[in-house]
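The chain contents come next:
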Amino acid sequence: MERKISWFRDARKEKGKLDDRIRVSHSLMSVADECRFCGWLHARGYRRPSIPVAGITHGIDATAKEMCDHHRRDGTLPIALRASMEGGFFPDLPFELSFTDPARDCVILGRLDQLLIEKGGLLAPLDHKSCKKPDEVIRESRLKQMDLYALVLGHWDAYAGYGVSPRGYLMFHYPIFERGGGPGAGHRLAIKSEVRTVSTDPARALDRVDRVLDIVRGPKPPRSADCPFCEWALL
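Residues numbered from 1 in each chain as written. Predicted model: local features only at pLDDT ≥ 70, side-chain atom pairs only at ≥ 80, totals over all residues. Heavy atoms only, no water.

### Observations concerning the pattern of salt bridges
Piece 1. For the structure shown, the criterion picks out 19 salt bridges.
Piece 2. Between Asp105 and Arg21 there is a salt bridge, with its nearest N and O atoms 3.1 Å apart. One end of the pair, Asp105, is in the loop between β5 (97-101) and β6 (106-110); the other, Arg21, is in the loop between β1 (8-9) and β2 (22-24), with 84 residues separating them in the sequence.
Piece 3. Given the relative accessible area of 32%, Asp105 is considered partly exposed.
Piece 4. Since its relative accessible area comes to 41%, Arg21 is described here as partly exposed.
Piece 5. Residue Arg196 pairs with Glu194 through a salt bridge whose shortest N-O separation is 3.1 Å.
Piece 6. The exposure class assigned to Arg196 is partly exposed, which follows from its relative accessible area of 24%.
Piece 7. Using a relative accessible area of 23% as the deciding quantity, one classes Glu194 as partly exposed. (Salt bridge = Lys/Arg side-chain N within 4 Å of Asp/Glu carboxyl O. Helix = DSSP H or I, 4+ residues; strand = E, 2+ residues; numbered from the N terminus. Buried < 20%, exposed > 50% of the residue type's maximum accessible area, 1.4 Å probe, protein only.)

### Remarks on the packing of helix α1 (residues 26-34) against helix α5 (residues 140-153)
Piece 1. The contact between α1 and α5 brings their axes to 11 Å, and the two run at 145 degrees. For the crossing formed where α1 meets α5, the hand is right-handed. Together, His26, Met29 and Asp33 of α1 and Ser141, Lys144, Gln145 and Leu148 of α5 make up the contact between the two elements.
Piece 2. Looking at the contact of α1 with α5 residue by residue, the class counts come to two nonpolar, three polar and two charged. (Axes fitted to C-alpha atoms, helices over the stretch in contact; angles between N-to-C directions. Left-handed = near helix turned anticlockwise from the far one by under 90°. Contact = heavy atoms within 4.5 Å. Nonpolar A, V, L, I, M, F, W, Y, C, P; charged D, E, K, R; others polar.)

### Notes on the nonpolar core
Piece 1. Val24, Ile108, Val209, Leu213 and Val216 are the most contacted members of the largest nonpolar core, which has 34 residues in total.
Piece 2. Mapped by element, the contributors of at least two residues to this core are β2, α1, β5, β6, β7 (114-118), α5, β10 (167-178) and α6 (202-217).
Piece 3. Among the elements that make up this core, the one with the highest residue count is α5 (seven residues).
Piece 4. When neighbours within four sequence positions are excluded, Val209 is seen to be in contact with Val24, Met29, Arg104, Cys106 and Ile108.
Piece 5. Within the second largest apolar cluster, 11 residues are counted, among which are Cys68, Met85, Tyr169 and Val195. (Core = buried A, V, L, I, M, F, W, Y, C linked by side-chain atoms within 4.5 Å.)

### Considering α1
Piece 1. Turning to α1, its buried residues are Leu28, Met29, Ser30, Val31 and Ala32.
Piece 2. Next to the buried residues of α1 lie β2, α2 (36-42), α5 and α6.

### Side note on the packing of aromatic side chains
Piece 1. If you walk through the whole model with that rule in mind, you get one aromatic pair.
Piece 2. Ring geometry for Phe90 and Tyr162: centres 5.3 Å apart, planes at 80 degrees, overall edge-to-face. With a gap of 72 residues between them, Phe90 in the loop between β4 (87-89) and β5 and Tyr162 in the loop between α5 and β9 (163-164) connect regions that are remote in the sequence.
Piece 3. The ring centre of Trp40 lies 3.7 Å from the NZ or CZ of Arg44, which sits over that ring. (Phe/Tyr/Trp six-rings, centres within 6.5 Å; stacked < 30°, edge-to-face > 60°. Lys NZ or Arg CZ within 6 Å of the ring centre and 35° of its normal.)

### Quick look at the side chain of Ser130
Piece 1. Checked against the element boundaries, Ser130 lands in strand β8 (residues 122-130).
Piece 2. A distance of 2.5 Å separates a polar atom in the side chain of Ser130 from a polar atom in the side chain of Asp61.
Piece 3. Residues within four places of Ser130 in sequence aside, it is in contact with Thr57, Ile60, Asp61 and His173. (Polar contact = N/O pair within 3.5 Å; in protein donor to acceptor, adjacent residues only side chain to side chain.)

### Details of the sheet that holds β6
By definition, the strands of a sheet pair up through backbone hydrogen bonds, in either a parallel or an antiparallel sense.
Piece 1. One open sheet holds the three strands; their spatial order is β2-β6-β5, and the pairing between them is mixed. Edge positions in the sheet fall to β2 and β5, since each of these pairs with one other strand and no more. Direction aside, the axes of adjacent strands within the sheet are offset by 25 degrees on average.
Piece 2. Judged from the three bridges that link them, β2 and β6 form a sheet pairing that is parallel. What sits directly across from Arg23, in β6, is Val107.
Piece 3. The sheet strands contacting α5 are β5 and β6, and the helix crosses β6 at an angle near 115 degrees. (Pairing = 2+ DSSP bridges.)

Pasting the structure below:
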């Protein structure tokens, strides 16, 4: 008896069918970067099983976003961000940014954690990262994500008239131990926020879009020998 595919299926998609106009997102590109076969399936509505994420990570992310929402309303910046930029939060934070690329016949989209406006009127993405400690060298996947955000910001009609910054901001949130004033007095676990500024390159994001479209519009690729998910997808 043939085993059924064990991945999650996107209920919004017809099973196994490629959309007439593909929606290219950071998640699709990340999966295709890791495994061409998994990326091909992802575009057809089949999702890899979710990797469990600790509840505290979700809690820190949600609290960080709530903090930034308060600063947005107050017209201020978090302390961790003040040393990295001059400007503030953009008044309206869209749930999703997207634009249609007629030349590629696809929709390119991104979901920002926060949107900043630098002094001089340049828009810049900010993304929250909850972790054990900040990256010593920023991971390539994070840089690719910020490239995509810069790309969609540059094509978002609602922001016509604004420029796009060549920078993006990563706000790392991580635990630290703070020693009290005496033996056993006032020791505590705290969460520290640290901002890193990165350069963004929309052209690099477009190159990734082209590579992903070649994969998902082409014939089904072979399974990757080093992919831990491929063996479970009998399709």
